[in-house]
Amino acid sequence: MASVAFEVIAALVLVMGLGYLARRWGLVSDSGAESGARLVADVCFPALCLEGLARTSAEALVAAWVLPVLAFVALAVSLVVGLAVAPFVAPPAQRPTVAFCVAVGNWIFLPLPLAGALFGSQGTLTVLLHNVGAQLFLWTAGVAVLRGRGERPLAALLRNAGLWATLGGVALALSGVSLGNAGVAGRVGLQVLTWLGSLTVPLATLLLGAQLRRTAGGDARPRALVGIVVTRLAVAPLVVVPLLGLAAGRLGLGESVRGTEELIALMPVSLTAAAMVQRYAGDVSLAARSIAWSTVLGGVTVPLTLAALRNGP
């Protein structure tokens, strides 16, 4: 598991470095980075959500309906932790970004290969079903926190492509319709979604590197950054993991499901957080640096914490 985590994180860091160099060499401008962030948040990421859900069977979604609910609740608990910590580490303008980055861990790009290596097909399925609840949380509570109370978040949510992509994917999965078997139009549509969705990770990671170059030097007061990284990697898991264990026992979830959910709870800040923060006028510099630092440090904390959980009582 440690070797898989290292390989995935090393690849992400290298792509971040390429984005950093692209910005340094003038291949990506500030306006280009902003447009790219909107492209990730409004096109590529929603396509990834819809495509992933479209490939989930109705039987799997119905049989494991509790996993999306569990995902939503776990993220909501992390958000509460982030909101509680934010006033102690950041001024008011940065607090929504702090709470959002603490809440939104990397629930699919990193844990998907790790869960498959650790728990086989059951781990992969758990990550995909967790994604349903995570998407609903991201495009509802997550966006509401970023936008703030005075910006009519409900109206904004209803205009979000990501929310409609998630709801459409759930409806498509429950309908039992397979795009791959829906004729030429269905296969073409599925191919388009696959292509667009596959851009999410590399494009988001490249843009993250460009944003890091733009904000090189960082904040002279790094308390908010340290607060996000420590809370995301240590404090939030200390709250969420015991709750997951309690829920797993009450609901009779298997060890593979429980282990996968615990793995997701330990993840660093999501790669798409910077694009979302930039899309909704948060502190993109803080978000970008929190992703980079939590991802690198997560290469150490995640294997150690998992080993402790597996060897614990």
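Not measured: the values here are computed from a predicted model. (Residues numbered from 1 in each chain as written. Predicted model: local features only at pLDDT ≥ 70, side-chain atom pairs only at ≥ 80, totals over all residues. Heavy atoms only, no water.)

### A look at the nonpolar core
Short version of the rule: To qualify as a nonpolar core, a set must consist of buried Ala, Val, Leu, Ile, Met, Phe, Trp, Tyr and Cys residues joined through side-chain atoms within 4.5 Å. Accessible area is worked out with a 1.4 Å probe on protein chains only. A residue is then buried under 20% of its type maximum, exposed over 50%, and partly exposed in between. In what follows, residue pairs with any heavy atoms lying within 4.5 Å of each other are defined as contacts.
Of all hydrophobic cores here, the largest spans 68 residues; its most connected members are Val98 and Met276. Once you skip the residues sitting within four places of it in the chain, valine 98 turns out to touch Gly82, Ala86, Val89, Ala90, Ala224, Ile228 and Leu286. Core analysis: the second largest hydrophobic core is formed by 10 residues, Leu61, Val66, Leu67 and Leu129 among them.

### Quick look at the side chain of glutamine 135
Condition: The numbering of helices and of strands both runs from the N terminus, where a helix is a DSSP run of H or I of at least 4 residues and a strand a run of E of at least 2.
Relative to the helices and strands, glutamine 135 is located in helix α6 (residues 111–147). Apart from the residues lying within four places of it in its own chain, the contact partners of glutamine 135 are Phe45, Cys49, Trp107 and Thr166.

### Focus: empty space enclosed by the protein
Basically, it comes down to this: Two kinds of site are reported from a 1 Å grid over the protein atoms alone, namely cavities, where a 1.4 Å probe fits but cannot get out, and pockets, open sets with protein on both sides within 12 Å along at least five of seven lines, and residues are called lining when an atom falls within 4 Å of a point. Grid points are joined across faces, edges and corners, and a volume is the space filled by probe spheres set on the points.
Tallying each qualifying case throughout the model produces 2 cavities of 30 Å³ or more. In this structure, the largest cavity spans a volume of roughly 100 Å³. If you trace the largest cavity, you find 14 residues lining it, with Ala74, Leu75, His130, Ile264 and Ala265 closest to the centre. The set of elements that each furnish at least two residues to the lining of the largest cavity consists of α4 (66–89), α11 (223–251) and α12 (255–265).

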